[in-house]
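# Commentary on secondary and tertiary structure
If you want the building blocks of each chain, they are given just below.
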Amino acid sequence: MRRDTFLKSFAALAAAGALPLTAHAAANVKMMIPANPGGGWDTTGRALGKALQDAKVADTVTYDNKGGAAGALGLAQFVNGSKGDPNALMVMGAVMLGGIITGKPPVSLDKATPIARITIEYNVFVLPANSPFKTMADVVAQLKKDPGSVKWGGGSRGSTEHIAAAMIAQKVGADPSKINYVAFRGGGEATAAILGGNVTVGGSGYSEFAEYIAAGKMRAIAVTSAQRLPGINVPTLKEQGIDVEIGNWRGVYGAPGITEAQRKALTDMVLAALKTPAWAEAVKKNDWTPAVLSGPAFDKFVDDEFASLRATMSKSGMV
């Protein structure tokens, strides 16, 4: 084959997306993190960005933090500012779904493109070190006496810790519509409120509180998983007679208006990143549970989650 004919054929294959991933130049990924620095979405997005580079499917990764309204502000910016961009990613998850249900933002998630669910993280409930309460039983006793006197601190309204607090109230016979929930825009704000004793009990992913629990600045009283988390000696709610189990899953979406071929290429990039040593290290460090789901299965999962969360939140008076 003549050299000019070969080069034309190579260019045609590249344009059609028929070349293997390694034959393409690595992408310059733009990562929208719809939360303030320091929280679970921020940690997830930056760990994924490092893994994309570790997998050599991204040359550079830039990050844009836009917190507020359970991710709705970042979602709106992402949808409006990245149309058709095949290298744009947005971190999202259960918290965003809950926020959309309660807040009814003008920009909905279905404007963006589902890529993959990547992890699930269970919540831990903690007390400030100087709290007069010592156990979840103490919190429940006070909750039964006066639901409004127990101040729950956590992520945005509709977050998994908010839903879990309402579910706990419902299961122990307290009025879930009367719980006193204080929503914070990011993990850093929630942590400061707990350490300062400004809330009665705080909830978040274990990784966000781990260093403070280890240092004795917070007392862990329950996790929302079905079984105790590996290597973490904290009882589940179920062990303590409270039939509540809820997980905070996280995933990524692509930009609106990308083609099916571009969606597949972006999905392949993310799945490649999840197989790297950098990602394995992040999973271990943050006590995440891998929960990879992509394609039509992820689409259906998100639809089912919307329905399930809406039903739970309606029963709890949150919608």
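Every value quoted in this text rests on a predicted model; they were computed, and no experiment measured them. (Residues numbered from 1 in each chain as written. Predicted model: local features only at pLDDT ≥ 70, side-chain atom pairs only at ≥ 80, totals over all residues. Heavy atoms only, no water.)

Helix and strand counts for the protein chain come out as eleven helices and ten strands. Over its C-alpha atoms the protein chain spans a radius of gyration of 21 Å, differing by no more than 12% from the 20 Å that the globule rule assigns to 319 residues. Counting only C-alpha atoms, the protein chain reaches 85 × 40 × 30 Å along its principal axes. Considering the protein chain as a whole, with its 319 residues, one finds that 51% of them fall into the buried category. (Helix = DSSP H or I, 4+ residues; strand = E, 2+ residues; numbered from the N terminus. Rg over C-alpha atoms; globule rule 2.2 N^0.38 Å. Buried < 20%, exposed > 50% of the residue type's maximum accessible area, 1.4 Å probe, protein only.)

Below, the discussion takes up the packing of aromatic side chains. Within the structure shown, the criterion is met by five aromatic pairs. Geometrically, the ring pair formed by Phe 125 and Trp 152 is edge-to-face, given 5.5 Å between the ring centres and 75° between the ring planes. Of the two residues, Phe 125 sits in strand β4 (residues 113-128) while Trp 152 sits in strand β5 (residues 151-154), which places them 27 residues apart along the sequence. Of the aromatic side chains, those joined through ring pairs into one cluster are Trp 249, Tyr 253, Phe 298 and Phe 301. (Phe/Tyr/Trp six-rings, centres within 6.5 Å; stacked < 30°, edge-to-face > 60°.)

Another point: the packing of helix α6 (residues 160-172) against helix α11 (residues 296-315). Between two packed helices, what matters for the description is the angle formed by their axes and the separation of those axes. At a minimum axis separation of 10 Å, α6 and α11 run at an interaxial angle of 50°. Classed by the angle they form, the pair α6 and α11 counts as oblique. As for the relative orientation of α6 and α11, their crossing is left-handed in sense. For the pair α6 and α11, the contacting residues are Ile 163, Met 167 and Gln 170 in the first and Leu 309, Thr 312, Met 313 and Lys 315 in the second. Taken together, the residues that form the contact of α6 with α11 break down as four nonpolar, two polar and one charged. (Axes fitted to C-alpha atoms, helices over the stretch in contact; angles between N-to-C directions. Parallel < 35°, antiparallel > 145°, perpendicular 65-115°, else oblique. Left-handed = near helix turned anticlockwise from the far one by under 90°. Contact = heavy atoms within 4.5 Å. Nonpolar A, V, L, I, M, F, W, Y, C, P; charged D, E, K, R; others polar.)

So, about the nonpolar core. Judged by nonpolar contacts, the single largest core of 102 residues is most densely connected at Leu 52, Leu 109, Met 136 and Trp 152. The leading source of residues in this core is β4, at nine residues. Sequence-distant contacts of Leu 52, defined by excluding residues within four places in its chain, comprise Val 29, Met 31, Val 57, Ala 58, Leu 89, Met 269, Val 270 and Ala 273. (Core = buried A, V, L, I, M, F, W, Y, C linked by side-chain atoms within 4.5 Å.)

It is worth spelling out helix α5 (residues 136-145) at this point. Those residues of α5 that fall on the buried side of the exposure criterion are Met 136, Val 139, Val 140 and Leu 143. Along α5, the residues classed as buried sweep out an arc of 100° about the axis, all on the same side. In α5, the exposed positions that point more than 90 degrees away from the buried face belong to Ala 137 and Lys 145. Looking at the buried side of α5, the elements it contacts are β4, β5, α6 and β8 (218-223). The opening residue of α5, the one whose side-chain oxygen lies 3.3 Å from the backbone nitrogen of Ala 137, is Thr 135. (Arc of directions from axis to C-beta. Polar contact = N/O pair within 3.5 Å; in protein donor to acceptor, adjacent residues only side chain to side chain.)

Right, let's talk about the environment of Ala 265 for a bit. By the secondary structure assignment, Ala 265 is in helix α9 (residues 260-273). According to the relative accessible area criterion, Ala 265 is partly exposed, its value standing at 35%. Residues Ala 265 and Pro 86, 179 residues apart in the sequence, show an inter-C-alpha distance of 8.5 Å.

Bringing the side chain of Thr 160 into the picture now. Looking at the secondary structure, you find Thr 160 in helix α6. The class of Thr 160 is buried, set by a relative accessible area of 1%. Within the structure, the side chain of Thr 160 is placed 3.3 Å from the side chain of Glu 161, a separation counted as a polar contact.

Right, let's get into the confidence of the model for the protein chain. Per-residue pLDDT for the protein chain has a mean of 90; in total, 91% of the residues score no lower than 70. Scored below 50 in pLDDT, residues 5-23 shows nine contacts in the model against residues more than four places distant or in partner chains. (pLDDT = per-residue confidence, 0-100.)

Remember that side chains alternate between the two faces of the sheet whenever the strand is regular. Burial analysis of strand β7 (residues 201-205) places five of its five residues in the buried class, the great majority of the element. Pairing between β5 and β7: two bridges, direction parallel. Opposite Trp 152, over in β7, you have Val 201 as the bridge partner. (Pairing = 2+ DSSP bridges.)

Mapped onto the fold, Asn 248 is located in strand β9 (residues 247-254). Note on Asn 248: relative accessible area 5%, which makes it buried. Beyond its immediate chain neighbours, meaning those up to four positions away, Asn 248 contacts Ala 94, Val 95, Thr 119, Ile 120, Glu 121 and Thr 160.

Right, let's get into the pattern of salt bridges. Tallied over the full model, the rule gives nine salt bridges. In this structure, Glu 121 and Arg 250 form a salt bridge, with 2.7 Å as the shortest nitrogen-oxygen distance. Of this pair, Glu 121 sits in strand β4 while Arg 250 sits in strand β9, and the two are 129 residues apart along the sequence. Residue classification places Glu 121 among the buried positions, given a relative accessible area of 1%. On the basis of relative accessibility, which here comes to 2%, the residue Arg 250 falls in the buried class. The partner of Asp 268 in a salt bridge is Lys 264, with the nearest N and O atoms 2.8 Å apart. Remark: Lys 264 and Asp 268 occur in helix α9; sequence separation between them is four residues, near one turn of the helix. Asp 268 sits in the partly exposed class, given a relative accessible area of 31%. When its relative accessible area of 53% is taken as the criterion, Lys 264 is described as exposed. Connected via shared salt-bridge partners are Lys 238, Asp 243 and Glu 245. (Salt bridge = Lys/Arg side-chain N within 4 Å of Asp/Glu carboxyl O.)

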